[in-house]
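# Structure assessment
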Amino acid sequence: GAGVSQTPSNKVTEKGKYVELRCDPISGHTALYWYRQSLGQGPEFLIYFQGTGAADDSGLPNDRFFAVRPEGSVSTLKIQRTERGDSAVYLCASSASGAYNNEQFFGPGTRLTVL
Amino acid sequence: DQQVKQNSPSLSVQEGRISILNCDYTNSMFDYFLWYKKYPAEGPTFLISISSIKDKNEDGRFTVFLNKSAKHLSLHIVPSQPGDSAVYFCAASASGSARQLTFGSGTQLTVLP
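Structural notes, computed from the coordinates. (Residues numbered from 1 in each chain as written. Chains lettered and ligands numbered in written order. Predicted model: local features only at pLDDT ≥ 70, side-chain atom pairs only at ≥ 80, totals over all residues. Heavy atoms only, no water.)

## A closer look at the state of the cysteines
Two cysteines joined by a covalent bond between their sulfur atoms form a disulfide. Residue and element names in this part refer to chain B. This is how the line gets drawn: The disulfide criterion used throughout: a pair of cysteine sulfur atoms within 2.5 Å. Numbering goes from the N terminus for both helices and strands, where a helix is a DSSP run of H or I of at least four residues and a strand is a run of E of at least two.
Scanning all chains against the criterion turns up two disulfides over all chains. Note on cysteine connectivity: Cys 23 is disulfide-linked to Cys 90, with sulfurs 2.0 Å apart. Negative torsions about the S-S bond denote left-handed disulfides, and the value of about -70° found for Cys 23 with Cys 90 makes this one left-handed. With Cys 23 in strand S3 (residues 19-25) and Cys 90 in strand S9 (residues 86-93), this residue pair connects regions lying 67 residues apart in the sequence.

Shown next, in the form of structure tokens:
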């Protein structure tokens, strides 16, 4: 079956602009995670959804970052007033239920470059 | 402060030999540990995991060892194959949390033919 997909694969924007990054999780997965991976680092947790609600958004770096999952499936990560430091690969993952032994399946990521 | 550390950014081994990748953690609340493998331009792929109630888990050529007293885990790959060349991330999670993963910075494994 289809895995986690993310669009766009690459996004180049200018400082100060608004961007939206989309994630399509594996069908039926209730848990969805967003991570950010900077160069030379491992992925860092941003936000976790269980169904439609954000169960934990403690990883969002500031209020310029926001994510939604209105119907409990597709999620959009929104970044306002982008800064050069936001440049990174944004990874989305989903799992069947969010239980501790549920494998998180990752998408290929969106590479965001802020000029 | 990094809660999961992979102190070796790279490792090279000969095909057929054993690869040992190491990982240390500081948060005693972590009770589930995972290894992910990542190829360029792809997302991380789950490899193997271990619960804190165990000290070893084996799956084919891959074995993960956990030493809770030392807060240390390792991944053994034997025999190593050229297709194993990738970046390996150690990750940890804590029960009662959102089960988000805390990752190390990764180790680039190169298996030489």
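## Re the interface of chain B and chain A
Threshold: By definition in these notes, contact holds between two residues if any of their heavy atoms fall within 4.5 Å. Buried area: the sum, over both parts, of the accessible surface (1.4 Å probe) that disappears when the two are put together. We count a salt bridge whenever a side-chain nitrogen from Lys or Arg sits within 4 Å of a carboxyl oxygen from Asp or Glu. In protein, a polar contact means a hydrogen-donor-capable atom and an acceptor-capable atom, both N or O and within 3.5 Å, with residues adjacent in sequence counting only if both atoms are side-chain atoms; elsewhere, any N or O pair within 3.5 Å suffices.
Opposite the 17 residues of chain B that make contact, chain A presents 21 residues. Buried area between chain B and chain A, summed over both chains or domains, comes out near 1500 Å², and the portion from carbon and sulfur atoms is 60%. Linking chain B with chain A are zero salt bridges, by the criterion used here. Linking chain B with chain A are two residue pairs in polar contact (both at pLDDT 80 or more), by the criterion used here.

## Observations regarding the pattern of salt bridges
All names here are of chain A. Put simply, the rule is: Each residue is placed in one exposure class: buried if its accessible area under a 1.4 Å probe, protein chains only, is under 20% of its type's maximum, exposed if it is over 50%, and partly exposed if it falls in between.
What the rule picks out here adds up to four salt bridges over all chains. Close ionic contact of Arg 64 with Glu 83 constitutes a salt bridge, the shortest N to O distance being 3.5 Å. Here Glu 83 lies in the loop between strand S8 (75-79) and strand S9 (88-95) and Arg 64 lies in the loop between strand S6 (53-56) and strand S7 (65-68), a separation of 19 residues in the sequence. For Arg 64, a relative accessible area of 6% gives the class buried. Under the relative-accessibility criterion, Glu 83 is labelled partly exposed at 39%.

## Points about the pairing of strand S4 (residues 32-38) of chain B
All names here are of chain B. As a reminder of what qualifies: In this scheme, strands are said to pair when DSSP sees at least two bridges between them.
Most of S4 sits out of view: seven of its seven residues are buried. A two-sided burial pattern is seen for S4, the buried positions comprising Tyr 32, Leu 34, Tyr 36 and Lys 38 on one face and Phe 33, Trp 35 and Lys 37 on the other. Where S4 folds back onto strand S5 (residues 45-51) in an antiparallel hairpin, the turn is made up of six residues, including Ala 41, whose phi is positive at roughly 65°. In terms of strand pairing, S4 meets S9 through seven bridges, oriented antiparallel.

## A few points about the side chain of Asp 31 of chain B
All names here are of chain B. Relative to the elements of secondary structure, Asp 31 occurs in the loop between S3 and S4. With relative accessibility at 18%, the residue Asp 31 sits in the buried group. Sequence-distant contacts of Asp 31, that is, excluding residues within four places in its chain, are made with Ile 50, Ser 51, Ser 52, Ser 93, Ala 94, Ser 95 and Arg 99.

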